[in-house]
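Fold and geometry: a report
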Amino acid sequence: MDLEELPGVGPAIAEKLREGGFNSLEAIAVASPAELVAAAEIGESTAAKIINSARDAADIGGFETGDKILERRKEVGKLTSGSQSLDALLGGGIETRSLTEFYGEFGSGKTQIAHQLAVNVQLPLDKGGLNGSAIIIDTENTFRPERIKDMAEGVELDYGEVLNNLHIARAYNSNHQILLVDKAEKLAEELKETEKPVRLMIIDSATAHFRSEYVGRGTLADRQQKINKHLHDALRFGDLNNAVIMITNQVMARPDAFFGDPTRPIGGHVLGHTATFRLYLRKSKGEKRIARLVDSPNLPEAEAVFSVSSVGIRD
Ligand code: GTP
Ligand code: MG
């Protein structure tokens, strides 16, 4: 069913909705009226009507029995990190339809893991991949094709092909970053029926722009609200495309900490509630890194050791 077939949606409104990233019935069904009002310049009640018809047509949004959810959980894919111990920490790999946050200090391996996942997602299922392509939102200009080459060779994939299946956008500020998730939705829609549908979206770093743009206490609530919405958009992308959402986050010093680790992730609680898996990375000796699973819906808090080697992430 096309958007145009929804009552109240003509070609002009459909066009605006698509431009705003609402390019499927599912995307509209889970939108809020305010989002549609902003995207399509329509009234609140029209927006509500459109959402309701999309919900009926897309058959989502109601209660489900547990066995249906179990059935859908079976569709959840698991992407290998390249390290068996890190995969085991996450119950077999990084899950699709979830948001996984890696946070830690500089050099702890966040960007290296991002690169590795962008390569591994292209592997077939029996090798721990998802046979898909990746979208990378690069906010710090740290994407390096040279590093992709090392990692592609490390898993015996053709470097040229691997690069072809990576879609990278540099985000220049937080608003641009937010907009890129909309664009990602359009790109994913275009690639949906191809050999390599999008199965991974990376936002590296998810918080750096927000942190530098929103300075001072007065703007903190505003910043949190923006980050919150941004990450929910990302999570929705993961759900609609059965994709892994990987975000990175820095830590900041916590001068008031007397016990435990004197750092904490930026974004605090909002990010904590949105991320379904949170991993805290620390540097260890040489190439070794320690990952601690801090928060997960169904796994115990535990640690794993992995390394950042010349061919990528390994045990
Ligand atoms: P920030 O973005 O600065 O917060 O850090 P990050 O957590 O993203 O760190 P990143 O993933 O960039 O890790 C950088 C570390 O990875 C370096 O200090 C190296 O130890 C390692 N690394 C990067 N490139 C290579 C490489 O080509 N070979 C090897 N063996 N290690 C590398
Ligand atoms: Mg980095």
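Calculation criteria
Residues numbered from 1 in each chain as written. Chains lettered and ligands numbered in written order. Predicted model: local features only at pLDDT ≥ 70, side-chain atom pairs only at ≥ 80, totals over all residues. Heavy atoms only, no water. Pairing = 2+ DSSP bridges. Helix = DSSP H or I, 4+ residues; strand = E, 2+ residues; numbered from the N terminus. Axes fitted to C-alpha atoms, helices over the stretch in contact; angles between N-to-C directions. Contact = heavy atoms within 4.5 Å. Buried < 20%, exposed > 50% of the residue type's maximum accessible area, 1.4 Å probe, protein only. Near = heavy atom within 4 Å. Polar contact = N/O pair within 3.5 Å; in protein donor to acceptor, adjacent residues only side chain to side chain. Areas by Shrake-Rupley, 256 points an atom, 1.4 Å probe, with all protein chains shown as cover. Nonpolar A, V, L, I, M, F, W, Y, C, P; charged D, E, K, R; others polar. Patch = residues over 30% accessible without salt bridge, like charges linked within 9 Å, V, L, I, M, F, W, Y side chains within 5 Å. Salt bridge = Lys/Arg side-chain N within 4 Å of Asp/Glu carboxyl O. Lys, Arg positive; Asp, Glu negative; His and termini not counted. Charge placed at Lys NZ, Arg CZ, Asp CG, Glu CD. Domains from an automatic or database assignment. Buried area = accessible area lost by both parts, 1.4 Å probe.

**Comments concerning the sheet that holds strand 7 (residues 244–249)**
An order of 5-4-6-7-3-10-11-12-13 is seen for the nine strands of this open sheet, with the pairing classed as mixed. The open sheet has two edge strands, strand 5 (166–170) and strand 13 (312–314), and neither has a second partner. Adjacent strand axes in the sheet meet at a mean angle of 25°, parallel and antiparallel pairs treated alike. Strand direction decides the pairing type here: strand 12 (residues 302–309) and strand 13, joined by three bridges, are antiparallel. Each bridged residue has a counterpart across the sheet, and for S307 the counterpart in strand 13 is R314. Contacts from helix 8 (residues 145–154) reach strand 5, strand 12 and strand 13, with the element oriented near 45° to strand 13.

**Some remarks on the pairing of strand 7**
Within strand 7, six of the six residues are buried, leaving the element largely enclosed by the surrounding structure. Bridging between strand 3 (residues 99–104) and strand 7 involves five bridges; their strand directions are parallel. Looking at strand 7, one finds that F102 is bridged to T248. Looking at chain direction, strand 6 (residues 198–204) and strand 7 are connected through four bridges and run parallel. Considered in strand 7, the bridge of I203 is made with I247.

**Focus: the site of ligand 1**
Taken together, the neighbourhood of ligand 1 is formed by 15 residues, with G107, G109, K110, T111 and Q112 sitting nearest. Note that an oxygen atom of ligand 1 is positioned 2.9 Å from one of the backbone N or O atoms of G107. Here a nitrogen atom of ligand 1 and a backbone polar atom of S310 are 3.4 Å apart. Burial of ligand 1 by the surrounding chains reaches 65%, relative to a free accessible area of 660 Å². Secondary-structure elements contributing two or more residues to the shell around ligand 1 are helix 7 (110–120) and strand 12. Residue contributions to the shell around ligand 1 peak at three residues, all from helix 7. Per-class residue counts for the shell around ligand 1 are two nonpolar, seven polar and six charged.

**With respect to a negative patch on the surface**
A contiguous patch of negative charge on the surface is contributed by E26, E189, E190 and E193. Mapped onto the fold, E189 is located in helix 10 (residues 174–191).

**A few points about the domain arrangement of the chain**
When cut into domains, the chain gives domain 1 (3–58) and domain 2 (73–314). Across the boundary between the two partners, domain 1 contributes twelve residues, which contact eight residues of domain 2. Summed over both partners, the interface of domain 1 with domain 2 buries about 700 Å², with 49% contributed by carbon and sulfur atoms. Its largest share of buried area at the contact with domain 2, domain 1 owes to G21, N23 and E35, together 47% of the area lost on that side. At the junction of domain 1 and domain 2, the tally comes to one salt bridge. Here K229 and E35 are joined by a salt bridge, their closest N and O atoms 3.7 Å apart. Of all the secondary structure elements, the ones that give two or more residues to the side of domain 1 that touches domain 2 are helix 1 (11–19) and helix 2 (25–29). For the side of domain 1 that touches domain 2, a count of residues per class yields four nonpolar, four polar and four charged.

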